[in-house]
Amino acid sequence: MMVRLHICGRMKLRRVRAVLVLSVGLCVVSFMHYYKALHHIPLLKDLPGPSGSLKHLAVISSFLWEEKAKMAAPGVKGQAFLLWRPDGVKSERNGKDSEMFPQFLPIPLGSMGDLHLRTFELQDDTTSYFVRTKSGGMCFRKGTRTLANKDGVGESQLKESHASHRALLSVQSANRSLGSAWNASVPSKRLVKCRCLQGWHGYHCGIPTVVQHSNLATKSRLAPRAVPRRVINAINVNHEVDLLHARFHELVDVVDLFLICESNFTAYGAPRRLLFFEQLLNGTFDYVRHKILYIFLDHFPSGGRQNGWIADDYLRTYLSKNGLSRVHGMRPDDVFIINDADEIPVGEGILFLKLFDGWTEPLGLHLRKSIYGFFWRQLGTLDVLSGCTIGMLFAVYKGNGILLRRREYYSMPDFRQYESDTGHILVPWSIGSAVHYAGWHCSWCFKPEGIYYKLVSAQNGDFPRWGDFQEKRKLSYIRELIRTGGWFDGSVADYPPSDPKEHMFAPKYFLDNYDKYEYLLRNLYTGKQD
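Everything quoted here is computed from the prediction, not taken from an experiment.

Definitions and cut-offs
- Residues numbered from 1 in each chain as written.
- Predicted model: local features only at pLDDT ≥ 70, side-chain atom pairs only at ≥ 80, totals over all residues.
- Heavy atoms only, no water.
- Helix = DSSP H or I, 4+ residues; strand = E, 2+ residues; numbered from the N terminus.
- Polar contact = N/O pair within 3.5 Å; in protein donor to acceptor, adjacent residues only side chain to side chain.
- Buried < 20%, exposed > 50% of the residue type's maximum accessible area, 1.4 Å probe, protein only.
- Pairing = 2+ DSSP bridges.
- Right-handed = clockwise from strand over helix to strand, strands pointing away.
- Contact = heavy atoms within 4.5 Å.
- Disulfide = S-S within 2.5 Å.

K.L.:
Any details on the side chain of R272? Residues and values, ideally.
P.N.:
You can see R272 is positioned in the loop between β10 (257-263) and α8 (275-281). Side chain to side chain, R272 and E262 meet in a polar contact 3.4 Å long.

Structure below.
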């Protein structure tokens, strides 16, 4: 009897051990499967500033949306698009602060016509970006040497052919299914390497330096697309007119649609003029108007005055949801990028997203940081999570642009399902690096009067709110800040030297129009004291 009990006990122990070993094995396999994605999640970046995360959590938990219309999934032909507007959001108007704000009468909607209601039909970009050489290479026109060489890569010898481009890509796609055998043959006869200009890389000379030196882990898998993606760039505007000109001139040939959202209320809840709307009508932006969809926010959210983060988040939510509800013909692999008005991406990085497959999402931008003007360059870069595909935006973020700006996609309930549906692990990366800028972030880059307006327009949540201090609003005080590069708390940073001749000093449009934008390119108050 004792022997039988002993044998039964040993058998049960073996079963338990087998279950434990199997469980450990499953955990190891699961960990290895998601290790790469987990390794890239920037949790440590968020730990030093928990207050910001708490604010966002409070806003999300307290500010729920009731939508009048559900947005249809993008890419479905013949879908009925309904204009998105939040339900149950009351306008909060404030009658105080007449000292700081001029009083503007609300613009009647009738004066806008249907400008704020129009829809936009996305069209395919038919530009011939790649050309075939005599030796069979497929080269990116802008990144390939124009002088004739042994491969025949010369402007007079380049043969444009969309059909041959598609044929080449289909052959590459078929060969890629062979796995390592195809990869091993890439440098040989299967793919002819183009001769690249400085700043361009890869066999097709289509990878810009800001991608080549980025932290993208899938550079070896990049391949040109047969049909370019369409790019949608969404921006909220206040009075950043000059910065908008620089953005449009940098991106007009790359971006397919600009969503521009403007409100007749400041982020503080005070009435304001529709500056961008006025200039849109008077012809100032005629050179890009065919790519602009104007979004008019005619109310201020309830609670936004007491908690400025509600107003701040609401602006981006309305921008993305109202704007995208009026865009027809979107495809899941189109690109959505949301920026602040003072964040200007470089065109080459955005063009790469249009033309190549193989990059992961979501993606950020390493931006050169400046304050008051490009002459005060701050240390480091501003790494802003800014973009993803339309498919991810709707599946993971539910079409809400403010959620994309946060590095919290892994906490969204549907991101695992999106990985499963697409077969891709979401690995965030950023275009550019600490020394290869993917654009510019020019903070407080206005004339003194513009800085004053930004002070009094700021939302009531990012404390201290310097616009509440009368002495900080004096133009003489603001001019002194520009002169020294100081901050409103009295500190003066030790900025590195900045040379207008350095690479990526400022957007090309500003440099080409130096006299007009001198206040952004040179410190006009050096040697002066009020």
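K.L.:
Residues and numbers for the pairing of β10, please.
P.N.:
Burial of β10 is extensive: 7 of the 7 residues sit out of reach of the surface. Because side chains alternate across β10, one face comprises the buried residues L257, L259, C261 and S263, and the other comprises F258, I260 and E262, equally buried. Bridging between strand β9 (residues 231-236) and β10 involves 5 bridges; their strand directions are parallel. Bridging from a neighbouring strand, I232 pairs with L257 of β10. Crossover handedness for the path β9 to helix α7 (residues 241-251) to β10: right-handed. Note: β10 against strand β11 (residues 292-297), 6 bridges, orientation parallel. Within β11, the residue paired with F258 across the bridge is I292.

K.L.:
Can you break down helix α14 (residues 448-457) residue by residue, with the values?
P.N.:
The element α14 is extensively covered by neighbouring structure, given that 7 of its 10 residues are classed as buried. If you check which residues of α14 are buried, you get P448, G450, I451, Y453, L455, V456 and S457. Where α14 is buried, its residues meet α15 (475-484).

K.L.:
Please provide a residue-by-residue account of the state of the cysteines, values included.
P.N.:
Scanning all chains against the criterion turns up 3 disulfides. Each disulfide pairs two cysteine sulfurs, and for C139 the partner residue is C194, the sulfurs being separated by 1.9 Å. In this structure, the disulfide formed by C139 and C194 twists by about -95 degrees around the S-S bond and is classed as left-handed. Residue C139 is found in strand β5 (residues 138-140), and its partner C194 is found in the loop between α5 (180-190) and β6 (200-201); the two are separated by 55 residues along the sequence. Each member of the pair C139 and C194 is classed as buried. Between the sulfur of C442 and that of C445 lies a disulfide, 1.8 Å long from S to S. Taking the sign of the torsion about the S-S bond as the criterion, the disulfide between C442 and C445, at about -80 degrees, is left-handed. Look at C442 and you get buried, because its relative accessible area is 2%. By relative accessible area, which is 2% here, C445 ends up buried. The disulfide pattern of the protein chain is 1-2, 3-4, 5-6 when the bonded cysteines are numbered in sequence order.

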